[in-house]
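Single-letter residue listing:
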Amino acid sequence: MSTSPLAVVTGARRGIGAAIAIEMASAGFDVAITDIDTGGAEATLDAIAARGRRGALFESDLSAIDSHAAVVERIVAWGGPIACLVNNAGVPAVQRGDLLDVTALNYDRALDINLRGTFFFTQAVARHMAATRSDAARTVVTVSSVSAEMASPERGEYCVSKAGLTMVTKLFALRLAALGVGVFEVRPGVIRTPMTEGVASHYDQRIANGLVPMGRWGEPADVACAVAALAGGRLAFATGSVINVDGALSIQRL
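Residues numbered from 1 in each chain as written. Predicted model: local features only at pLDDT ≥ 70, side-chain atom pairs only at ≥ 80, totals over all residues. Heavy atoms only, no water.

Attention now goes to helix H7 (residues 220–231). If you check H7, its first and last C-alpha atoms are 16 Å apart, about what 12 residues at 1.5 Å a residue would give, namely 16 Å. Buried residues of H7: Pro220, Val223, Ala224, Ala226, Val227, Ala228, Leu230 and Ala231, and no others. At the exit of H7 stands Gly233, carrying a positive phi of roughly 90 degrees. (Helix = DSSP H or I, 4+ residues; strand = E, 2+ residues; numbered from the N terminus. Expected span 1.5 Å × (residues − 1). Buried < 20%, exposed > 50% of the residue type's maximum accessible area, 1.4 Å probe, protein only.)

Turning our eyes to something else, we now look at the sheet that holds strand S3 (residues 55–59). Pairing is parallel across the open sheet formed by seven strands, whose spatial order is S3-S2-S1-S4-S5-S6-S7. Each end of this open sheet is capped by a strand with a single partner; those strands are S3 and strand S7 (242–245). The sheet shows a mean angle of 20 degrees between the axes of neighbouring strands, direction not considered. Judged from the four bridges that link them, strand S1 (residues 6–10) and strand S4 (residues 82–87) form a sheet pairing that is parallel. Residue pairing in the sheet places Leu6 in a bridge with Ile82 of S4. Packing of helix H2 (residues 42–50) onto the sheet brings it into contact with strand S2 (30–35) and S3, and relative to S3 it is tilted by some 150 degrees. Across the sheet, helix H4 (residues 104–130) is in contact with S1, S4 and strand S5 (139–143); its angle to S4 comes to roughly 175 degrees. (Pairing = 2+ DSSP bridges. Axes fitted to C-alpha atoms, helices over the stretch in contact; angles between N-to-C directions. Contact = heavy atoms within 4.5 Å.)

This part covers the pairing of S2. Across the six residues that make up S2, a large majority, six, are buried. Here S2 shows two buried faces, one formed by Asp30, Ala32 and Thr34 and the other by Val31, Ile33 and Asp35. As paired elements, S1 and S2 share five bridges and run parallel to each other. Within S2, the position partnered with Leu6 by the bridge is Asp30. Tracing the backbone out of S1, into helix H1 (residues 15–26) and back to the parallel element S2 gives a crossover that is right-handed. Looking at chain direction, S2 and S3 are connected through five bridges and run parallel. Paired with Val31 across the two strands is Gly55, which belongs to S3. For the segment spanning S2, H2 and S3, crossover handedness is right-handed. (Right-handed = clockwise from strand over helix to strand, strands pointing away.)

One pass over the full model with this rule turns up zero disulfides. Cysteine Cys84 shares no disulfide, and the gap to the nearest cysteine sulfur, in Cys225, comes to 14 Å. Residue classification places Cys84 among the buried residues on the basis of a relative accessible area of 0%. (Disulfide = S-S within 2.5 Å.)

The interhelical angle for the contact between H1 and H7, taken along N-to-C directions, is 45 degrees, at an axis separation of 8 Å. With respect to H7, the element H1 is oriented oblique. For the element pair H1 and H7, the recorded crossing hand is right-handed. On H7, the residues touching Gly15, Ile16, Ala19, Ile20, Glu23 and Met24 of H1 are Pro220, Ala221, Val223, Ala224, Cys225, Val227, Ala228 and Ala231. (Parallel < 35°, antiparallel > 145°, perpendicular 65-115°, else oblique. Left-handed = near helix turned anticlockwise from the far one by under 90°.)

Tracing the backbone through its elements, the reader meets Ile65 in the loop between S3 and helix H3 (68–79). On the basis of relative accessibility, which here comes to 22%, the residue Ile65 falls in the partly exposed class. Those residues in contact with Ile65 that sit more than four places away from it in its chain are Arg116, Gly117 and Phe120.

Okay, here's the thing in structure tokens:
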């Protein structure tokens, strides 16, 4: 079995998750990636292997909380004790529109995956960490969004789901502190991914008009570098902290 620490990155088949998985491999981790769709992950797994680390894809529906314990067991059987969990998987609002038109079905979908699923998958990994001794630094990093704090009424259910992740981070930071596990939240801003392709022209114009003080889109690598820096354990005493990866988008201005 590999002596490298093991990271689990949810929703890592493509986009931000794939960039995180590859950066974690560059940082010395073997990487287990999870996704509800197992197709199209070859490039990510090849990139992990090219960095001299092991990678494997595990099918996982984050909203199916009864399956979480079994997924964790399969990952541990493959890669050994989990040193880092990166909660990246999530979905956008089904459609943007009037807050008064949000349906219960679309609201429940966002919260079942983004918040409820993430909470219980974190719980499953935290139980494993609590039951396992490890000399490696251990961390939990949750990728939320600037929408955890910045309100977008046209996608209210998404904002609610991300705001809830801020409290999830605080709760697990407190629960796992005595175990030496650092727990962090990373809030990306406007990041160029497959998820934002449909609104790219909208944000191109808004960025050109000054929405992002740094004057550019964020890239998946921007988020990945922040996650990998936190995952190494050197910032463990800062547990519970939030890192904004948004080009100063979320700073209040006059």
